[in-house]
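The residues making up each chain are set out below.
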Amino acid sequence: MKIPCRFILVFTFFSGISLAQQPVRESTGFYRFLSDDPAQKAFFTDRQGVMAQNGMVASAHPEASRVGVEILKAGGNAVDAAVAVQFALAVVHPAAGNIGGGGFLVFREHTGKSYSIDFREKAPAKSHADMYLDKAGNIIPDLSTLGRLASGVPGSVDGMAQVHARYGRLPWKALLQPAVDLATKGVLLTEREARGLNAIKKDLLAVNPGTGYFQAPSGKDWAARDVLVQKDLAKVMKKIQKKGRDGFYKGKVARLLSKDIGRDQQGIITRADLNNYHAQWREPILENYKDYKVITMGPPSSGGIALVQLLRLVEPYPLKKWGWHNDSTVQVMIEAERRVYADRAKFLGDPDFVKIPASRLMSKDYLQNRWKDFSWAQATDSKNIHGGEIAGYESMETTHFSVVDKEGNAVAVTTTLNGSYGSGVVVKGGGFLMNNEMDDFSIKAGAPNMYGLIGNKANAIAPGKRMLSSMTPTIIERDGKLLMVLGTPGGSTIITSVYQTLLNVLEHGMTMQQAVNALKFHHQWLPDKTTFEANAFSGGTIQRLTGKGYILEQQRNTIGRMDCILIRPDGWLEGGSDPRGDDVSVGY
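Residues numbered from 1 in each chain as written. Predicted model: local features only at pLDDT ≥ 70, side-chain atom pairs only at ≥ 80, totals over all residues. Heavy atoms only, no water.

1. A closer look at the sheet that holds strand β7 (residues 280-282)
Here's step 1: Pairing is antiparallel in the open sheet, where seven strands are placed in the order β7-β4-β3-β11-β10-β2-β19. Each edge of the open sheet carries a strand with a single partner, namely β7 and β19 (584-587). Adjacent strand axes in the sheet meet at a mean angle of 15° when their direction is disregarded.
Here's step 2: Inspection of the sheet shows strand β3 (residues 102-108) paired to strand β11 (residues 410-418) by seven bridges, in the antiparallel sense. Its bridge partner lying in β11, Val 106 is registered against Ala 412.
Here's step 3: The strands that helix α3 (residues 78-92) touches are β2 (56-59), β3, β10 (397-404) and β11; relative to β10, the one it contacts most, it runs at about 155°. (Pairing = 2+ DSSP bridges. Helix = DSSP H or I, 4+ residues; strand = E, 2+ residues; numbered from the N terminus. Axes fitted to C-alpha atoms, helices over the stretch in contact; angles between N-to-C directions. Contact = heavy atoms within 4.5 Å.)

Right, dumping it as structure tokens:
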């Protein structure tokens, strides 16, 4: 599809604009706080949001965002654009975009009705609770993260097929064509993607001997603007384009996948596992925070329940008055995160296998009780924090994209392979990467996964079970109207990144892009420490928090890679994509 010249939206990086030059009317209180501590940068960069009137796509890669907007211009709705973006990301963003993984989608129609679909991966039929333990009951290193036994049954293709069948407008074939073209003709690597492929080179060679997938020509390292052509992946995309879900879960592609996974009896995904996989429509979480309606994902995503808990725990406090990253603001946010992640470990899992007291966990009286041991004078010790008591209860590489169309339909999708480049397995003859989502189960009660998250019985491995996730695709309403679409990758930091970005807009008056740019911090109960991006806290905030016993650790890497859309009071759409990655918003 060609883009009419009058619709091209230029997105620019404004690295030289100072905060003082930006419009004060957007967030007066926020700027006043910054002026009290001029040494604090507050933002990762000065990037400005992308503005458009008719539609917006915010994703992890400029090509994927462009594909989505072209679909919107061609008459597609937000669901059509989301499907096209999902498959485009599988080509242009192999670290996390996928057809060999899974995720969650939250959809709000312009009428106000909301839906969600769970296309999370499932444990194969031959899996069992102790499959990653040796005879002594110890965890076997790397078995749940690298190689063929690390993969769950993929859900992305079925999820996209189902959501398109119910709510799509354009033909399925048209939505797959951009991915076919990108895989066939090749895509220019960004500097980040080139660096990532070079870093994973040894693992890819070890896990996929003799195939050469994702290896640079002539054995050299990849460089920015090299062209990555994926001919086998193009063939798979054509199969999916022609036959829908059956092009992946049956026939040749299913045979290739099961044969490769079962190589030398390394993995256990069978053709029957593939044929039996079906994404699950679930009721979205619909809860309020002050005057806002929060529409988000329920279990097996832990993100929705956790986000509502976090918002309600800080709701009684005057965060706006205190100011962004003031020590009081940070303290109540850390203490909320500490308690919520403890609840996550105890209660949350696949709702088809465990009873989850969702309403109770989000209730204000339960949360008030969780707060009773909070003290302004001293940090709570995580050793003394456990999942709450409920009567009758039965015991970091991902990608997100947001879409809003001209009619006001909105889609939030978070999808993943789990670790960067997943399990490292590239299906021979198919050219696509497989996930390592089995590590998101609790492979041993009380043992941390790759993101340091603790799990227990509720998230134990079982055949056909979906593993717990932190993905938090979210849509916000105000006065019955669409306000915001947001989400992020980041493993265990997903929930806290969405939480902070929401508060940055709703409490601290930031624009969408400012909220994305703003420096972040994270606490997840265990280990008992708060990690933060460089310059996220002023010297005074650090001094006051450490004086109360908080353990603060500067993060070596960035936190979150948000891709969000805000509907401004004048009706314009503002796309906010994270400068921490290759993320780009495109609108028309």
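Moving on, there is more to tell.
2. With respect to the sheet that holds strand β1 (residues 50-52)
Here's step 1: Strand order across the open sheet formed by seven strands is β1-β18-β17-β13-β12-β9-β8, with antiparallel pairing between neighbours. At either margin of the open sheet sits one strand with a lone partner, and together these are β1 and β8 (285-289). Recorded for the sheet is a direction-independent mean angle of 25° between the axes of neighbouring strands.
Here's step 2: Docked against the sheet, helix α17 (residues 494-506) engages β8, β9 (292-296), β12 (474-478), β13 (481-486) and β17 (563-567), running at close to 140° with respect to β13.

3. Structural notes on the packing of α3 against helix α4 (residues 156-167)
Here's step 1: Packing of α3 against α4 brings their axes to within 9 Å, and their N-to-C directions diverge by 160°. Accordingly, the angle class assigned to the pair α3 and α4 is roughly antiparallel. Here α3 runs over α4; the crossing is left-handed. On α4, the residues that touch Val 79, Asp 80, Ala 82, Val 83, Gln 86 and Phe 87 of α3 are Ser 156, Val 157, Met 160, Val 163, His 164 and Tyr 167.
Here's step 2: A breakdown of the residues in the contact of α3 with α4 according to their chemical character gives eight nonpolar, three polar and one charged. (Parallel < 35°, antiparallel > 145°, perpendicular 65-115°, else oblique. Left-handed = near helix turned anticlockwise from the far one by under 90°. Nonpolar A, V, L, I, M, F, W, Y, C, P; charged D, E, K, R; others polar.)

4. Some words on the packing of aromatic side chains
Here's step 1: Tallied over the entire structure, the rule returns 16 aromatic pairs.
Here's step 2: With a centroid separation of 5.6 Å and 85° between ring planes, the pair formed by Trp 322 and Trp 376 is classed as edge-to-face. With a gap of 54 residues between them, Trp 322 in helix α13 (residues 319-322) and Trp 376 in the loop between α16 (364-370) and β10 connect regions that are remote in the sequence.
Here's step 3: Residue Trp 322 is classed as partly exposed on the basis of its relative accessible area, which comes to 24%.
Here's step 4: In this arrangement the basic side chain of Arg 166 is found over the ring face of Trp 281, its NZ or CZ atom lying 4.1 Å from the centre. (Phe/Tyr/Trp six-rings, centres within 6.5 Å; stacked < 30°, edge-to-face > 60°. Buried < 20%, exposed > 50% of the residue type's maximum accessible area, 1.4 Å probe, protein only. Lys NZ or Arg CZ within 6 Å of the ring centre and 35° of its normal.)

5. Here's the deal with helix α6 (residues 191-199)
Here's step 1: Of the residues making up α6, those classed as buried are Glu 193, Ala 194, Gly 196 and Leu 197. Down the axis of α6, the buried set is contained in an arc of 165°. They therefore lie on one face. Among the exposed residues of α6, those oriented more than 90 degrees off its buried face are Glu 191 and Ala 199. (Arc of directions from axis to C-beta.)

6. Some thoughts on the nonpolar core
Here's step 1: Counting residues in each nonpolar core, the largest one holds 87 residues, and the members touching the most others are Met 484 and Tyr 499.
Here's step 2: With 10 residues, helix α14 (residues 327-347) is the single largest residue contributor to this core.
Here's step 3: When sequence neighbours within four positions are dropped, the list of residues in contact with Met 484 reads Thr 474, Ile 475, Ile 476, Leu 502, Val 505, Leu 506, Met 512, Ile 565, Leu 566 and Ile 567.
Here's step 4: In terms of nonpolar packing, the next biggest core, distinct from the first, is built from 82 residues, Ala 78, Val 180, Ala 234 and Ala 279 among them. (Core = buried A, V, L, I, M, F, W, Y, C linked by side-chain atoms within 4.5 Å.)

7. Here we look at the pairing of β3
Here's step 1: Counting buried positions along β3 gives seven out of seven residues, so the element sits mostly inside the fold.
Here's step 2: Side chains of β3 alternate between two faces, with Gly 102, Phe 104, Val 106 and Arg 108 and Gly 103, Leu 105 and Phe 107 buried alike.
Here's step 3: The sheet contact formed by β3 and strand β4 (residues 114-119) spans six bridges and is antiparallel. Residue pairing in the sheet places Gly 103 in a bridge with Phe 119 of β4.
Here's step 4: Between the antiparallel neighbours β3 and β4 lie five residues, among them Gly 112 with a positive phi of about 105°.

8. Focus on the UniProt feature "binding site: L-glutamate" (unreviewed entry) in the protein chain
Here's step 1: Sites flagged by UniProt as "binding site: L-glutamate" (unreviewed entry) map to Arg 120, Thr 416, Leu 417, Asn 418, Asp 440, Ser 469, Ser 470 and Gly 491.
Here's step 2: As for its placement among the helices and strands, Arg 120 is situated in the loop between β4 and α4.
Here's step 3: Using a relative accessible area of 0% as the deciding quantity, one classes Arg 120 as buried.
Here's step 4: The residues touching Arg 120, leaving out its near neighbours within four places in the chain, are Gly 103, Phe 104, Tyr 277, Pro 300, Thr 416, Glu 437, Asp 440, Arg 466, Met 467, Leu 468, Ser 469 and Met 471.
Here's step 5: Separated by 3.1 Å, the side chains of Ser 470 and Arg 344 make a polar contact. (UniProt positions renumbered as here; feature names shortened; annotations may be inferred. Polar contact = N/O pair within 3.5 Å; in protein donor to acceptor, adjacent residues only side chain to side chain.)

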